[in-house]
Amino acid sequence: MIPLEYMPPLMFGGLVIFMLFGYPVAFSLAAVGLFFSFFAIEWGYFTLDYLQAIPGRVFGSILANDLLLAIPFFTFMGSILEKCGLAEDMLDSMGQLFGPVRGGLGYSVIIVGFILGAITGTVAAQVIAMTLISLPVMMRYKYNMRYATGVLAASGTITQLVPPSLVLVVLADQLGKSVGDMYLGAWGPSILQIVLFALYTFGVSIVKPEYVPAVPKSDRTLQGWDLWKKCLWGIVPSAVLIFLVLGTMMFGIATPTEAGAMGAVGAIVLAVIRHPALGKVGRMCFIVGVVACLAGIVFYNMSNPNLEVFGPKGMLFRIAFAILYLAIAYLLIRAAFIKELRELLIKAYQATARLTAMVAFILVGSTCFSIVFQGVDGGRWIEHMLTSLPGGSWGFLIVINLFVFFLAFFLDFFEIAFIIVPMIAPVAQKLLAPIVGADAALIWFGVMLCVNMQTSFMHPPFGFALFYLRGVAPKEVKSSDIYWGAVPWVLLQVIMVAIVIFVPFSVTAFLDKQQVIDLDKVKIEIPNDDGSSTGGGDSQKSADDAAQQIQKELGGTSDTPAPADAPKDAGKDTAAPAGDAPKADGAAAPDKSGKAEDKATNEIEKAIREGNK
């Protein structure tokens, strides 16, 4: 018989052994959990009834979780935008815009990576698209190979942190926090990371200008308005799609699932309007839809109680948005009749189904593992181990980030989020709440883990971003250049992790401030008959007067002393109805009491109405 305190570490060891043999993580998690549950039941650590929590959580917390529906929507949106031509146009226009500057192609890759990260949410699509487009151009202008491969891989991993990142959606679900708050917390580190990347490129251009030469003027084909028009043609539709996905969530207009659905529809529309086979009718339909949308927004804001045609329920608003919906429906149907777009939609559906199935299986397996782990007091074991670390909260953060950093060598971010995060979240809430407040503690912790797990795409032995880059890079690009080129960018990401740890304001800056109410300073104001209010020192006097009036009308006595400025016989008058009540006539008293109660009720309602005014 194995003692209870040895069961949690043995479960972790068993999971590592299963994965070293090459078994899929989802099935390894379920197998280890069920294997140890047999022994735990046999040795009396819990009963067979305890395992009923597994199907209950699978069907109640996973398959019925509306938040997880955002994952297939964002995946589908990224798959559509991967090959619709948006990345090509943006990289071409940005490259020519920043071309005259040393490192201009590097700046354009960083900026386009940030914009694409805000609308795609998938690393593979971003790295592959930018490598196919930008790496040949960088090689043509003699960019240093290590810098070129490094900036392409690093800019592709930005999508892990920039909203609407799938990692942030999963972390919000596992930490029990709002996706909108997680997105708000991630904006600060996202912008700081872009600044770090740009500063490194600027430093390279100063120290080693031959590594990042400027594009010759003879090779810049676009100038003036033509160049700006091409830049805007890529940026404006992207900005609209970003607002559809992120703006609607942050303004409270839509839930993450609804925003993801709008983003998926917007991605199809964006792919259709950029396709040359759309035709004049399709473009005219798109313009009519845009005009109808703008008109609907104007009608919505022209709410007037005297004119029923305006406002959100007005006829003009409904007509405008009906035209918009018809235009969108036409564009979606048109996409099905364009062969290239139809094939793109099929591939997007397949990629979405694969990723969603993988996430579901990992969730089911992690549920089996975590329930058995909690049943053998694994939560208490982890809490005792982490809270006893030297350095308190800061020691906890450093150790956890080092642990996640090395764990990311072997596990994908989904696996880390579903296995490790639920176990350490209660300890994080307990230790970090005194630093940033109870509401922001897990937001800070989640964004910190997201920045950390971003490095898993860049460092060996797996480094999926490096694998993607190697798969599409020309043969003359050496693998050693790809791996050595990633080193400075991984160091920049580690610096970003340190900034998030030691400067919590970088995450909490955009969050709503926690409201702290001092009960000793609460001021209660009670309205008077004339509509004015009294507070401070007069509040007790007003309360006493109101209580005496009600008791008088009900025919009772008042224990509250009369005010200092009241007549001396006020106490007698107040108590008189109780002593003078008729005793012989039994019918008169109830009648009088009933009228008094009605009158008192009217007085209370009157006071409430005056207060509401």
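Not measured: the values here are computed from a predicted model. (Residues numbered from 1 in each chain as written. Predicted model: local features only at pLDDT ≥ 70, side-chain atom pairs only at ≥ 80, totals over all residues. Heavy atoms only, no water.)

Participant: I'd love a proper account of the overall build of the protein, names of residues and values included.
Facilitator: The secondary structure content of the protein amounts to 26 helices and two strands. Sorting the 613 residues of the protein into buried and exposed places 46% on the buried side. Across the protein, contacts joining residues at least 24 apart in sequence account for 74% of those joining residues at least 6 apart. When the accessible surface of the protein is summed, it comes to about 30800 Å², and 65% of that surface belongs to carbon and sulfur atoms. (Helix = DSSP H or I, 4+ residues; strand = E, 2+ residues; numbered from the N terminus. Buried < 20%, exposed > 50% of the residue type's maximum accessible area, 1.4 Å probe, protein only. Contact = heavy atoms within 4.5 Å. Areas by Shrake-Rupley, 256 points an atom, 1.4 Å probe, with all protein chains shown as cover.)

Participant: So, unusual backbone geometry: which residues are in play, and what are the values?
Facilitator: Although it is not a glycine, K142 adopts a positive phi angle of roughly 65°. Looking at where K142 falls in the secondary structure, it is placed in the loop between α7 (123–140) and α8 (145–157). Its identity is not glycine, yet D377 carries a phi of approximately 65°, on the positive side. Note on placement: D377 falls in the loop between α15 (339–375) and α16 (378–387). We classify D377 as partly exposed; its relative accessible area is 27%.

Participant: Now, about the environment of Q374: what can you tell me, with residues and values included?
Facilitator: Tracing the sequence through the fold places Q374 in helix α15. Between the C-alpha atom of Q374 and that of M423, which follows or precedes it by 49 residues, the distance is 8.8 Å. Excluding anything up to four places from it in sequence, Q374 contacts Y50 and G379.

Participant: Go over the packing of helix α9 (residues 166–175) against helix α10 (residues 179–207), please, and point to the residues and values.
Facilitator: Across the interface, α9 lies against α10 with an axial gap of 9 Å and an inter-helix angle of 125°. Comparing their axes, α10 and α9 come out oblique. Viewed along their axes, α9 and α10 form a crossing whose handedness is right-handed. Residues L168, V169, L171, A172 and L175 of α9 form the contact with α10, whose own contacting residues are V179, M182, Y183 and A186. Partitioned by chemical class, the residues of the contact of α9 with α10 number nine nonpolar, no polar and no charged. (Axes fitted to C-alpha atoms, helices over the stretch in contact; angles between N-to-C directions. Parallel < 35°, antiparallel > 145°, perpendicular 65-115°, else oblique. Left-handed = near helix turned anticlockwise from the far one by under 90°. Nonpolar A, V, L, I, M, F, W, Y, C, P; charged D, E, K, R; others polar.)

Participant: Describe in detail the packing of helix α14 (residues 315–337) against α15, supporting the description with residues and values.
Facilitator: Between α14 and α15, the least distance of the axes is 5 Å, while the angle of their chain directions is 95°. The orientation of α14 relative to α15 falls into the category roughly perpendicular. Contact residues: A335, A336 and F337 in α14; K339, L341 and R342 in α15. Of the residues that constitute the contact of α14 with α15, the class distribution is four nonpolar, no polar and two charged.

Participant: Can you explain the environment of T508? Please cite residues and give values.
Facilitator: Topologically, T508 is positioned in helix α23 (residues 505–508). We classify T508 as buried; its relative accessible area is 15%. In the structure, T508 is positioned 72 residues away from V436 in sequence and 8.0 Å away in space, judged by C-alpha atoms.

Participant: Give me helix α21 (residues 464–472): which residues, what numbers.
Facilitator: Buried residues of α21: A465, L466 and L469, and no others. Each buried residue of α21 sits inside an arc of 100° when the element is viewed along its axis, so together they form one side. (Arc of directions from axis to C-beta.)

Participant: Mind laying out a nonpolar patch on the surface, listing which residues take part and the relevant values?
Facilitator: On the surface, M284, I287, V288, V291, M315, L316, I319 and I323 cluster together to form a nonpolar patch covering roughly 680 Å² of accessible area. Of all the secondary structure elements, the ones that give two or more residues to the nonpolar patch are α13 (279–301) and α14. Examined against the element boundaries, M315 turns out to sit in helix α14. The class of M315 is partly exposed, set by a relative accessible area of 49%. (Patch = residues over 30% accessible without salt bridge, like charges linked within 9 Å, V, L, I, M, F, W, Y side chains within 5 Å. Salt bridge = Lys/Arg side-chain N within 4 Å of Asp/Glu carboxyl O.)

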